Structure formats: C-alpha cells, structure tokens
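Architecture and fold: a report
Listed here are the chains, written in short residue letters.
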Amino acid sequence: MWFDERPPPDWTIELPPGMELLNSNQRLHPMAKGRLTKLLRRAGHKASLAVGLPRLERVYVVGELRPTDRRRRDPGNWYPSAKAAVDGAMTDAGVLVDDDAEHLVGPDMRLGPIVKGGQLVLHVWRGTDT
C-alpha cells in the first residue's frame, strides 16, 4: 500500500470529486470558512452512511488528498477539510461517541493520485487497544 505499509483499510469514504476544500493557508472570512466546513461535514456524513459504517469504539483515519495536477503539495495543509469530513462521517453519523483521542487516531494526511477536480478520501481502520 502507498502509506505506512498497513493492510487495506476496513472502509473507504470518498467525498465527491470537485468539492471545494479548506486549506490551512487560506485566509477566509469566518462565514465563508463556516459555510465550507458545513458542506464538508455534510458530505462526510452522507458518504459515511452510503458506505454503511457500523458503530465503532475506536478508529484510525488517514485522509488522502487526491489533487487536480502534479504540482508539489503539502497534504497536511488540507487537514481542515479532513477534520470537517471526519466530524461528519464519524461523529454526526453516530459511528463514534466522540472524536477525542480515546476514540479517534488521526486523520493523518497523505497525497494520493491525481483526480479530475480533486478529491478528499478518508481511509478508516477499525481501532485496537494496542
């Protein structure tokens, strides 16, 4: 696998390609940032329900940024998008009781393949206590 030599994820949650994403380098008006955050949460929630994630005690999440082109990128800058999507996919959808450190590890950000319009994908592994 392309990151951390982990086994394949238990679930993959794909947000729609072409969605506007939040980047930590943006300097948005708070209302614009709130609007985007809300859209990302809703998209994460909807995608989580489509995948059928069960209620879980603990998960590990890797956020994969699939860019629009081959330019160099720092995938960590898209953490705000992954955080919003995870809130929707895990907490709002009722998969996790809370997204605190006891229940959620991540999201860790990685760079994925090129996708027309760009895309954010969440890879989810069932957590363990070890």
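Residues numbered from 1 in each chain as written. Predicted model: local features only at pLDDT ≥ 70, side-chain atom pairs only at ≥ 80, totals over all residues. Heavy atoms only, no water.

Structural notes on the nonpolar core
Grouped together as the largest cluster of nonpolar side chains are 28 residues, with contacts concentrated most on Ile13, Val59, Val61 and Met90. Put simply, the parts of the chain that give this core at least two residues each are strand 1 (11-14), helix 1 (30-51), strand 2 (59-66), helix 2 (79-92), strand 3 (104-111) and strand 4 (119-126). Sort the elements by how many residues they give to this core and helix 2 lands first, with six residues. When residues no more than four places from it in sequence are discounted, the contact partners of Val59 are Met90, Leu96, His103, Leu104, Val105, Val124, Trp125 and Gly127. (Core = buried A, V, L, I, M, F, W, Y, C linked by side-chain atoms within 4.5 Å. Buried < 20%, exposed > 50% of the residue type's maximum accessible area, 1.4 Å probe, protein only. Helix = DSSP H or I, 4+ residues; strand = E, 2+ residues; numbered from the N terminus. Contact = heavy atoms within 4.5 Å.)

Some thoughts on helix 1
End to end, helix 1 covers 31 Å across 22 residues, agreeing with the expected 32 Å (1.5 Å per residue, within 8%). Of the residues making up helix 1, those classed as buried are Leu36, Leu40, Ala43, Gly44, Ala47 and Ser48. Viewed along the axis of helix 1, the buried residues span an arc of 130°, placing them on a single side of the element. Turned more than 90 degrees off the buried face of helix 1, the exposed positions are Pro30, Met31, Arg42, Lys46 and Leu49. Those residues of helix 1 that are buried lie in contact with strand 1 and helix 2. (Expected span 1.5 Å × (residues − 1). Arc of directions from axis to C-beta.)

A closer look at the environment of Lys33
With respect to the helices, strands and loops of the structure, Lys33 is situated in helix 1. Residue Lys33 is classed as partly exposed on the basis of its relative accessible area of 44%. Sequence separation of Lys33 and Met109 is 76 residues, and the distance between their C-alpha atoms is 20 Å. Leave out the neighbours within four places in its chain, and Lys33 touches Leu22 and Leu28.

Regarding the sheet that holds strand 1
Across the sheet, which stays open at both edges, the four strands sit in the order 1-4-2-3 with mixed pairing between neighbours. The sheet is open, and its two edges are formed by strand 1 and strand 3, each paired on a single side. Neighbour to neighbour, the strand axes of the sheet diverge by 20° on average, direction disregarded. In terms of strand pairing, strand 2 meets strand 3 through six bridges, oriented parallel. In the sheet register, Glu64 faces strand 3, and the bridge partner there is Arg110. Sheet strands touched by helix 2: strand 1, strand 2, strand 3 and strand 4. Its angle to strand 4, the strand with the most contacts, is close to 55°. (Pairing = 2+ DSSP bridges. Axes fitted to C-alpha atoms, helices over the stretch in contact; angles between N-to-C directions.)

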